[in-house]
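Fold and geometry: a report
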Amino acid sequence: MTKIDQLRAPLLVTWQLTRNCDLACVHCCTDSAPGKRLPGELDAGEAMQLAHEIIANQVPYVMLCGGEPLVVPHFLDVAEALGAAGVQLKIETNGQQFDARIAERLSRLPVRSVQISLDADSDDVYRRQRPGGSLAKAHAACEAVRAVNLPLEITFAPTRLNIDEIEAVIDRARTFGAFRFNTGKLMRIGTAARLWNKLEPSDEQYRHMLDVLRRQATAIEHSMELCYLPFSIEDGLQRSFQEPPATMLVLPDGRVKVTAALPYVCADLRRQTLAQAWEAYRGAWRDSEVLADVHHAIADASLHSRANNWKVLALANV
Amino acid sequence: MDDSKGTNEAIVQGQQANNEKVARNQKPVWETPKLEDVSEQVMAQPYIRFT
């Protein structure tokens with residue numbers, strides 16, 4: 001029996017509060033950009049209702065992401081409701097709107113990580129990868145996180161544009177006092193899939209990136225964790241295939257995806273309880289269509305490009 | 001050649017057999033999710049790690 005068949009609720013809810021974003025990043029896996037709020041996103045009342053359901057189901061850990069979660073007016077209300085109930089939080093942000101006021105509010109909550117995207121160490125490369133963005137603001141956000149002793153995590157999405165700056169960003173992350181630096185192979189989903197021919201790093205660039213990561217992992221040892229395995233989403237899917245993760249990915253409109261790299265939607269939290277959605281998720285990982293498609297997606301990464309063309313799964317066995 | 005193919009097919013068959021077994025058998029005893037079970041492996045999924 002797998003872990004998901006033993007648990008009454010997920011260990012982690014990954015909640016995309018919105019598809020809207022204040023940046024239009026070329027590598028975005030959620031097709032986010034300014035003005036790209038998803039039709040039918042949960043409103044403040046519905047989001048608070050879901051937060052209370054997460055609490056009632058004793059989910060221990062919630063990741064708030066997007067899009068950019070900080071553009072959502074009820075972001076702090078949701079975070080504070082969850083945090084006040086003891087739910088541990090991870091916040092993923094591009095840092096453009098993360099200031100001392102938000103840091104201070106979050107510092108009162110059980111926040112295990114504020115993850116900020118630093119995809120470059122020079123302003124021109126940052127602006128090419130994150131049109132509309134300011135590297136200085138992202139750096140200021142890192143400082144605001146550390147100023148109130150919140151745990152800082154840095155993420156770096158490699159493309160042909162920025163991959164040569166990875167070592168400089170690792171050094172920068174250490175300077176900021178980050179406890180972890182995350183990276184891996186660029187995911188072929190969303191905007192990145194559409195721009196794949198312009199973004200995909202070469203094999204040689206990936207070899208160099210891995211050399212840097214291995215060398216840095218030895219050099220910095222305990223001062224900051226370097227997290228880059230599983231390196232590709234195919235490797236991640238292979239793990240999921242063997243042991244489906246006890247995590248639930250909630251889209252901005254309340255629908256639940258089976259896994260990020262595949263298009264399947266297995267539940268709708270507007271119409272179903274979280275317990276029913278969790279049952280549907282467990283059922284999805286026993287569904288022959290899903291399992292066959294996971295198998296195909298492990299073998300062929302180009303299939304991941306369909307991931308945001310959501311397809312509602314008809315679960316015969318739920 | 002995909003070396004994982006045989007293993008994956010075996011897993012599919014195993015999971016489907018498990019599905020039938022769960023359906024036939026009595027209700028499972030549910031565990032309440034605990035923070036300590038949120039392993040590094042859970043958080044290292046590429047989507048969670050670096051969206």
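For the structure, see preceding data.
So, here is what we can say about the structure in this document. (Residues numbered from 1 in each chain as written. Chains lettered and ligands numbered in written order. Predicted model: local features only at pLDDT ≥ 70, side-chain atom pairs only at ≥ 80, totals over all residues. Heavy atoms only, no water.)

A few words now on the overall build of chain A. Each helix and strand counted, chain A has twelve helices and eleven strands in total. Against the 2.2 N^0.38 benchmark of 20 Å for 318 residues, chain A shows a C-alpha radius of gyration of 19 Å, consistent with a compact globule. Seen through its principal axes, chain A has C-alpha atoms that stretch 50 × 45 × 40 Å. Counting the 318 residues in chain A, one finds 61% classified as buried. For chain A, the proportion of contacts with a sequence separation of at least 24, taken over those separated by at least 6, is 74%. Per element, the accessible surface of chain A, about 11,900 Å² overall, is 47% carbon and sulfur. Positive and negative charge centroids in chain A, built from 35 and 39 side chains respectively, lie 2 Å apart. (Helix = DSSP H or I, 4+ residues; strand = E, 2+ residues; numbered from the N terminus. Rg over C-alpha atoms; globule rule 2.2 N^0.38 Å. Buried < 20%, exposed > 50% of the residue type's maximum accessible area, 1.4 Å probe, protein only. Contact = heavy atoms within 4.5 Å. Areas by Shrake-Rupley, 256 points an atom, 1.4 Å probe, with all protein chains shown as cover. Lys, Arg positive; Asp, Glu negative; His and termini not counted. Charge placed at Lys NZ, Arg CZ, Asp CG, Glu CD.)

Here we come to helix 9 (residues 203–220) of chain A. Residues and elements named next belong to chain A. Taking 1.5 Å per residue, 18 residues should reach 26 Å; helix 9 reaches 25 Å between its end C-alpha atoms and fits that length. Within the sequence span of helix 9, burial applies to Gln205, Tyr206, Met209, Leu210, Val212, Leu213, Gln216 and Ile220. When helix 9 is viewed along its axis, its buried side chains cluster within an angular range of 160° and face the same direction. In this structure, helix 9 carries Asp203, Thr218 and Ala219 as exposed residues pointing more than 90 degrees from its buried face. Buried residues belonging to helix 9 abut helix 6 (166–176), strand 6 (180–182) and strand 7 (225–227). Just downstream of helix 9, Glu221 is the residue with a positive phi angle, here 40°. (Expected span 1.5 Å × (residues − 1). Arc of directions from axis to C-beta.)

So, about the pairing of strand 3 (residues 88–93) of chain A. Residues and elements named next belong to chain A. Summarising burial for strand 3: six of the six residues are buried, a large majority. Burial of the side chains of strand 3 extends over both faces: Gln88, Lys90 and Glu92 are buried on one face and Leu89, Ile91 and Thr93 on the other. Sheet topology note: the strand 2 (residues 61–65)/strand 3 ladder contains four bridges and is parallel. Looking at strand 3, one finds that Tyr61 is bridged to Gln88. Viewed along the sheet, the connection from strand 2 through helix 2 (residues 75–84) into strand 3 turns out right-handed. Across five bridges, strand 3 lies against strand 4 (residues 111–117) in parallel orientation. Directly across from Leu89, in strand 4, lies its bridge partner Val111. (Pairing = 2+ DSSP bridges. Right-handed = clockwise from strand over helix to strand, strands pointing away.)

Before going further, it helps to spend a moment on the interface of chain B and chain A. Interface size is commonly expressed as the accessible area that is lost once the parts come together. With 33 residues of chain B at the contact, the number on the chain A side is 62 residues. Of the roughly 3,900 Å² buried between chain B and chain A, counting both surfaces, carbon and sulfur atoms make up 61%. Of all residues in chain B, the largest losses of buried area upon contact with chain A belong to Tyr47, Arg49 and Phe50 of chain B, amounting jointly to 21% of the total for that side. Linking chain B with chain A are two salt bridges, by the criterion used here. Put simply, Glu31 of chain B and Lys3 of chain A hold a salt bridge, and the shortest N to O gap is 3.2 Å. One can count eleven residue pairs in polar contact (both at pLDDT 80 or more) joining chain B with chain A. Where the side of chain B that touches chain A is concerned, the elements lending two or more residues are helix 1 (4–24), helix 2 (40–43) and helix 3 (46–49) of chain B. A per-element tally of the side of chain B that touches chain A places helix 1 of chain B first, with ten residues. A class-by-class count of the residues in the side of chain B that touches chain A yields 16 nonpolar, ten polar and seven charged. (Buried area = accessible area lost by both parts, 1.4 Å probe. Salt bridge = Lys/Arg side-chain N within 4 Å of Asp/Glu carboxyl O. Polar contact = N/O pair within 3.5 Å; in protein donor to acceptor, adjacent residues only side chain to side chain. Nonpolar A, V, L, I, M, F, W, Y, C, P; charged D, E, K, R; others polar.)

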